[in-house]
Amino acid sequence: MTAFDRDYHMSINGKLASSATVIDVINPATGEAFAAAPDCSREQLDEAVNAARTAFRSWKRVPIDERAAQLDKAGDVILQHLEELTRLFTQEQGRPTEGARGEIALAGNWLKTLSKVRPPVHVSEDSDQQFIETRYVPLGAVCAIAPWNFPVNLAIWKIAPALLAGNTMVLKPSPFTPLCMLKIGELLLDVFPPGVLNIISGDDSLGPQMTAHPGFAKISFTGSTATGKKVMESAAKDLKRVTLELGGNDAAIVLPDVDVDEVAEKIFFGAFFNTAQICVATKRLYVHEDVYDKLRDRLAAIAKAVKVGDGADQGTVLGPLQNKRQYTRVLELLEDARQNNLTLIEGADVPGNGGYFIPVTLVDNPPESARVVQEEAFGPILPLLKFSDIDDVIARANDSEYGLAGAIWTGDPERGLEIARQLETGTVWINQNLNLRPDTPFAGHKQSGFGVENGMEGLLEFMVPQAVYLAR
Ligand code: NAD
């Protein structure tokens, strides 16, 4: 029987592994350490990479339908431990129970759905002279590095396609949120052969050791744009393949024909779910001047009504910031807004108990040049910006180094589609938000990413084409 409240181990070569030193894991709702995770040594990293490389030789030859069956079973195992993982998730990540349960369930189901995808085989000639086909083959041992905001699902986005394609993996969760993935690694020891999926943990110095490791064929990374650039630089030394899912500063555009009462709550949670720590959350809200005051006041009323607190307490809707580094950064952005005399509208009070809590804050029509508009806050501070001309607002939305996602709110779907085609982002939502699916590609444009996750395109990022010519 796996205990979920203690004994956190890495999974290396089919066995549990502890370490000489540990890293503290902090509950962000209290600011206090409540568990310890292993701090992987250099020797253990080498062991994990060697195990993944050895396992690759046999795993790639397992028929894809059998690999898929094991991934499907992995999904079931996660779903069977939904409640234990949900509790642990809230403790380490801070998100209230309902949203925590949603992520674990999504992760289990993501594995099951993605396991049904199959790579294509192209036949370019089948004649008396020759037969030519191109199939896709796996790459080898994959290095996977995940962030803390969706620590389980974003790891599964890597595990599912990589293993289905026939690769093996060494995965490192964020040092802020390692526990759920360590426990999932333990649970899956009975599902995959030794070495196919290794999960290790450690502080921020482990990531660079992994990306520089010559044993990996590919790096799949999700995190900030700044770190993504370092990952790409490190990968260049021996031309490892890379997929980078990075930061965003997503704009939402609200047209004058919306029903404000109908959309206000959807827009609010599109910005603030997970305490606004979502790569694809609305981070700049452009509102037409005809509906600006009404929408601002509705959003302010929701912000006042939403309970912010410990995610383990019943009735909590928004939890703390996930870690002290992020908490300090958002406080600093708020201070900058105050110093520049921007108008701030604060939501409900937050606990003052040493947890990383910041009230939901709306910024009332700041200048476009304000830091809170230009930078990815990744926390509960949202600038509302007034516009009158649609071409002008599209240009303002596109005037960003990022290009992850965007949203349009309108009473006219055709108009929404027309504007969507003009946005320079990998995903656009019209009258909805934050909807991502295993069968649909997710790709950051500009400095929001490099490559694709999910869908057939995401699977093929873990494979290379091999053309075979047969003379007849
Ligand atoms: P981060 O870049 O600080 O860390 C991400 C991961 O990289 C962690 O596991 C960390 O330990 C590791 N790491 C740190 N330094 C490293 C290095 N030099 N080499 C290799 N690995 C290293 O990001 P974060 O603060 O954990 O996450 C927040 C950021 O992630 C935000 O910018 C957010 O927009 C982005 N994000 C993007 C997506 C997406 O799919 N595009 C999804 C979620 C989060």
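Here the structure is a predicted model, which is why all the values come from computation and not from measurement. (Residues numbered from 1 in each chain as written. Predicted model: local features only at pLDDT ≥ 70, side-chain atom pairs only at ≥ 80, totals over all residues. Heavy atoms only, no water.)

Caption draft 1: Spotlight on the pairing of strand 13 (residues 284-288). Among the 5 residues of strand 13, 5 are classified as buried, and the element is accordingly described as predominantly covered. Here strand 13 shows a buried face lined by Arg-284, Tyr-286 and His-288 and a second buried face lined by Leu-285 and Val-287. In this sheet, strand 13 lies alongside strand 12 (residues 251-254) in parallel orientation, the contact comprising 4 bridges. Note on strand 13: the bridge partner recorded for Ala-251 is Arg-284. Handedness of the crossover is the feature at issue here: the chain leaves strand 12, passes through helix 9 (residues 260-272), returns alongside strand 13, and the resulting connection is right-handed. For strand 13 and strand 16 (residues 381-387), the ladder comprises 4 bridges, and the chain directions are parallel. Note on strand 16: the bridge partner recorded for His-288 is Phe-387. (Buried < 20%, exposed > 50% of the residue type's maximum accessible area, 1.4 Å probe, protein only. Helix = DSSP H or I, 4+ residues; strand = E, 2+ residues; numbered from the N terminus. Pairing = 2+ DSSP bridges. Right-handed = clockwise from strand over helix to strand, strands pointing away.)

Caption draft 2: Here's a closer look at the site of the ligand. Of all residues adjacent to the ligand, which total 30 residues, the nearest are Asp-204, Ser-224, Thr-227, Leu-246 and Glu-376. Side-chain polar atom of Asp-204 to an oxygen atom of the ligand: 2.5 Å apart, as the coordinates give it. A total of 850 Å² of accessible area belongs to the ligand in isolation, and the protein chains cover 94% of it. Those elements that provide at least two residues to the shell around the ligand are helix 7 (206-211), strand 10 (218-222) and helix 8 (225-236). (Near = heavy atom within 4 Å. Polar contact = N/O pair within 3.5 Å; in protein donor to acceptor, adjacent residues only side chain to side chain. Areas by Shrake-Rupley, 256 points an atom, 1.4 Å probe, with all protein chains shown as cover.)

Caption draft 3: Examining unusual backbone geometry more closely. Positive phi outside glycine occurs at Ala-276, with the angle close to 65°. Note on placement: Ala-276 falls in the loop between helix 9 and strand 13. A relative accessible area of 4% places Ala-276 in the buried class. Non-glycine residue Asn-365 carries a positive phi angle of around 50°. Within the secondary structure, Asn-365 is located in the loop between strand 15 (361-364) and helix 12 (371-374). Judged by its relative accessible area of 34%, Asn-365 falls in the partly exposed class.

Caption draft 4: Region of interest: the environment of Gln-466. Locating Gln-466 in the fold gives a position in strand 22 (residues 463-471). Using a relative accessible area of 39% as the deciding quantity, one classes Gln-466 as partly exposed. The sequence separation of Gln-466 and Ala-100 amounts to 366 residues, and the corresponding C-alpha distance is 41 Å. What Gln-466 contacts, discounting residues up to four positions off in sequence, is Glu-133, Thr-134, Arg-135 and Val-137. (Contact = heavy atoms within 4.5 Å.)

Caption draft 5: Spotlight on the sheet that holds strand 12. Pairing is mixed in the open sheet, where 7 strands are placed in the order 14-15-16-13-12-18-19. What marks the edges here is a single partner per strand, and that holds for strand 14 (344-346) and strand 19 (427-430). With strand direction ignored, the average angle separating the axes of adjacent strands in the sheet is 20°. In this sheet, strand 15 lies alongside strand 14 in antiparallel orientation, the contact comprising 3 bridges. Directly across from Glu-346, in strand 15, lies its bridge partner Thr-361. The sheet strands contacting helix 11 (residues 324-339) are strand 14, strand 15 and strand 16, and the helix crosses strand 14 at an angle near 130°. (Axes fitted to C-alpha atoms, helices over the stretch in contact; angles between N-to-C directions.)

Caption draft 6: Expanded view of the sheet that holds strand 22. The sheet built from 3 strands is open, its strands ordered 5-6-22 with antiparallel pairing. Of all strands in the sheet, those bounded by a partner on one side alone are strand 5 (122-126) and strand 22. When strand polarity is set aside, the average angle formed by the axes of neighbouring strands in this sheet is 20°. Sheet topology note: the strand 5/strand 6 (residues 130-138) ladder contains 4 bridges and is antiparallel. Within strand 6, the position partnered with His-122 by the bridge is Thr-134.

Caption draft 7: Expanded view of a positive patch on the surface. On the surface, Arg-53, Arg-57, Lys-60 and Arg-61 cluster together into a positively charged patch. Its location among the elements puts Lys-60 in the loop between helix 1 (42-59) and helix 2 (64-80). (Patch = residues over 30% accessible without salt bridge, like charges linked within 9 Å, V, L, I, M, F, W, Y side chains within 5 Å. Salt bridge = Lys/Arg side-chain N within 4 Å of Asp/Glu carboxyl O. Lys, Arg positive; Asp, Glu negative; His and termini not counted. Charge placed at Lys NZ, Arg CZ, Asp CG, Glu CD.)

Caption draft 8: Examining the environment of Gly-403 more closely. For Gly-403, the location among the structural elements is in strand 17 (residues 402-403). Judged by relative accessible area, Gly-403 falls into the buried class, the value being 1%. Residues Gly-403 and Ser-448, spaced 45 residues apart in sequence, show a C-alpha to C-alpha distance of 5.5 Å. With residues near it in sequence (within four places) discarded, Gly-403 still touches Glu-424, Thr-425, Gly-426, Gly-444, His-445, Lys-446 and Ser-448.

Caption draft 9: Seen up close, the packing of helix 2 against helix 5 (residues 153-165). Between helix 2 and helix 5, the shortest axis-to-axis distance is 8 Å and the interhelical angle comes to 155°. Relative to helix 5, the element helix 2 is oriented roughly antiparallel. Together, Ile-64, Arg-67, Ala-68, Leu-71 and Ile-78 of helix 2 and Ile-156, Ile-159, Ala-160, Leu-163, Leu-164 and Ala-165 of helix 5 make up the contact between the two elements. When its residues are assigned to classes, the contact of helix 2 with helix 5 shows 10 nonpolar, no polar and 1 charged. (Parallel < 35°, antiparallel > 145°, perpendicular 65-115°, else oblique. Nonpolar A, V, L, I, M, F, W, Y, C, P; charged D, E, K, R; others polar.)

Honestly, that's just the spatial picture; any functional story needs more than this.
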